[in-house]
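Structure at a glance
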Amino acid sequence: SWNEDSDSDSSDSDSSDIDSSGHGSLPFDHMAWHELPRDAREAAEKLGHSAETWDQNLQSSWDVKRWGELPLEQQFAAAVLGYDESKWNNAIDLAHNIASVVFLGRPNQR
């Protein structure tokens, strides 16, 4: 049958990229713009990036929006770059926390 012929382990092949916190590294994080495959570069462009913003790790206008605020086209582009809702929102939260320490000299206090 189909179930017997399918390799059930093949769908778990990406699990080795997940660290103990449950978060995986993103496949293109450490690549320069000129090293990106065409589909990744096009996805980055849909998220407002250029060679300059990508290589200098600068934010685009989309990088400050939570996943639910992104139009579907940008969600699909983010998925090409290895994001899902959890990874995207965690990156937004991390950037916000870093910015509050850098600009305010201390973490946000409420």
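Model, not experiment: these values are computed from the prediction.

Looking only at helices and strands, the protein features five helices and zero strands. Secondary structure of the protein in N-to-C order comes out as α-α-α-α-α. Within the span of the protein, comprising 110 residues, buried residues form 23% of the whole. Of the roughly 8100 Å² of accessible surface on the protein, a fraction of 50% belongs to carbon and sulfur atoms.

Attention now moves to the side chain of histidine 49. Note that histidine 49 resides in the loop between helix 2 (38–46) and helix 3 (51–55). Histidine 49 gets classed as buried once you look at its relative accessible area, which sits at 11%. A distance of 3.0 Å separates a polar atom in the side chain of histidine 49 from a polar atom in the side chain of aspartate 63. For histidine 49, the residues in contact, after removing those within four places along its chain, are Trp33, Ala44, Trp54, Leu58, Gln59, Ser60 and Asp63.

Looking now at the pattern of salt bridges. Within the structure shown, the criterion is met by two salt bridges. Glutamate 42 is paired through a salt bridge with arginine 38; the nearest N and O atoms lie 3.5 Å apart. On the criterion of helical spacing, the pair formed by glutamate 42 and arginine 38 is a turn pair, its members being four residues apart in helix 2.

Another aspect to go through is the confidence of the model for the protein. Model confidence for the protein is summarised by a mean pLDDT of 79, while 71% of its residues fall at 70 or above. The low-confidence segment residues 1–23 (pLDDT under 50) makes seven contacts with residues lying over four places distant or belonging to another chain.

With that out of the way, let us pick up the nonpolar core. Counting residues in hydrophobic clusters, the biggest one holds 15 residues, and the most contacted among them are Phe28, Leu36, Leu47, Trp54, Leu81 and Trp88. Put simply, the parts of the chain that give this core at least two residues each are helix 2, helix 4 (72–80) and helix 5 (85–104). Of the residues forming this core, the biggest block, three residues, is contributed by helix 2. Excluding residues within four positions of it along the chain, phenylalanine 28 makes contact with Leu36, Pro37, Ala40, Trp54, Val80 and Leu81.

Criteria and cut-off values
Residues numbered from 1 in each chain as written. Predicted model: local features only at pLDDT ≥ 70, side-chain atom pairs only at ≥ 80, totals over all residues. Heavy atoms only, no water. Helix = DSSP H or I, 4+ residues; strand = E, 2+ residues; numbered from the N terminus. Buried < 20%, exposed > 50% of the residue type's maximum accessible area, 1.4 Å probe, protein only. Areas by Shrake-Rupley, 256 points an atom, 1.4 Å probe, with all protein chains shown as cover. Polar contact = N/O pair within 3.5 Å; in protein donor to acceptor, adjacent residues only side chain to side chain. Contact = heavy atoms within 4.5 Å. Salt bridge = Lys/Arg side-chain N within 4 Å of Asp/Glu carboxyl O. pLDDT = per-residue confidence, 0-100. Core = buried A, V, L, I, M, F, W, Y, C linked by side-chain atoms within 4.5 Å.

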